[in-house]
Amino acid sequence: MKHLKTYTIQFVGLKQGEHDFQYDIDNTFFEHFDYDDFNSIAVDLKVTLIKKSTLMEFYFDAEGTVNVNCDLTNEPYDNPLETSYKLVVKFGQEYNDEIDDILILPHGEYEVNIAQYIYETLVLAMPAKRVHPGVEDGTLKSDILDKLEELSIKDNQEEEEQEPQPKEIDPRWDKLKDFLTDN
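J.: Explain the sheet that holds strand β6 (residues 102-106) to me, please; I cannot follow it from the model alone.
T.: Adjacent strands of a sheet form backbone hydrogen bonds with each other and so pair up, either parallel or antiparallel. A sheet is described by the order of its strands in space; here five strands give the open sequence β2-β3-β4-β5-β6, paired in mixed fashion. Each end of this open sheet is capped by a strand with a single partner; those strands are β2 (17-25) and β6. For this sheet, the mean inter-axis angle between neighbouring strands, taken without regard to orientation, is 20°. Sheet topology places β2 next to strand β3 (residues 40-51); nine bridges connect them, and they run antiparallel. For D24, the partnering residue across the bridge sits in β3 and is D44. Lying over the sheet, helix α2 (residues 115-125) contacts β2, β3, β4 (55-69), β5 (76-92) and β6, oriented at roughly 140° with respect to β5.

So this is what it looks like as structure tokens:
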């Protein structure tokens, strides 16, 4: 975990006000979390710490590209990534990170490790369904896409052929219409 010490910020010696930190995030960062959904990643991360007398605010601003595989075709492509996140750090009796966007550190702490927050921010910034841009605009040529298209056309034809016929109404239900009145 030596590598993650890079993401530990010692705030005790910092003056009140704004402090900037710059990080270049690549695959080695995600190896520490055993996360391998990204083929490659190149993200510039700017962390702004605003230290106040009773709390600290961290602003994470990330911008770059992530190479991932398409969920439909399994073709790799570069997905642009741009995200931001705000974390508030307060001080209390004991450590507590159960509240979203708020971290409570025990009184007397002098540093905070933000690696987990960077990891979550970048992973959650990716779309849930990753689709190659060539699939959306029709420019990607792939055997998988051809096969998917072939199967989808076949499914549509089968649905048209098996269209249900209207059912005849049971004549016993017609007797109920006699009870209707248009008064």
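J.: Looking at this structure, how should I read the nonpolar core?
T.: In globular proteins that are soluble, nonpolar side chains generally tend to be buried together. Ranked by internal contacts, the top residues of the largest apolar core, which has 37 residues, are I25, F30, F58 and I114. Residue assignment for this core shows that the elements contributing at least two residues are β2, α1 (27-31), β3, β4, β5, β6 and α2. With residues up to four places along the chain from it excluded, the contact list for I25 reads Y7, F30, I41, A42, V43, L45, I118 and L122.

Criteria and cut-off values
Residues numbered from 1 in each chain as written. Predicted model: local features only at pLDDT ≥ 70, side-chain atom pairs only at ≥ 80, totals over all residues. Heavy atoms only, no water. Pairing = 2+ DSSP bridges. Helix = DSSP H or I, 4+ residues; strand = E, 2+ residues; numbered from the N terminus. Axes fitted to C-alpha atoms, helices over the stretch in contact; angles between N-to-C directions. Contact = heavy atoms within 4.5 Å. Core = buried A, V, L, I, M, F, W, Y, C linked by side-chain atoms within 4.5 Å. Buried < 20%, exposed > 50% of the residue type's maximum accessible area, 1.4 Å probe, protein only.

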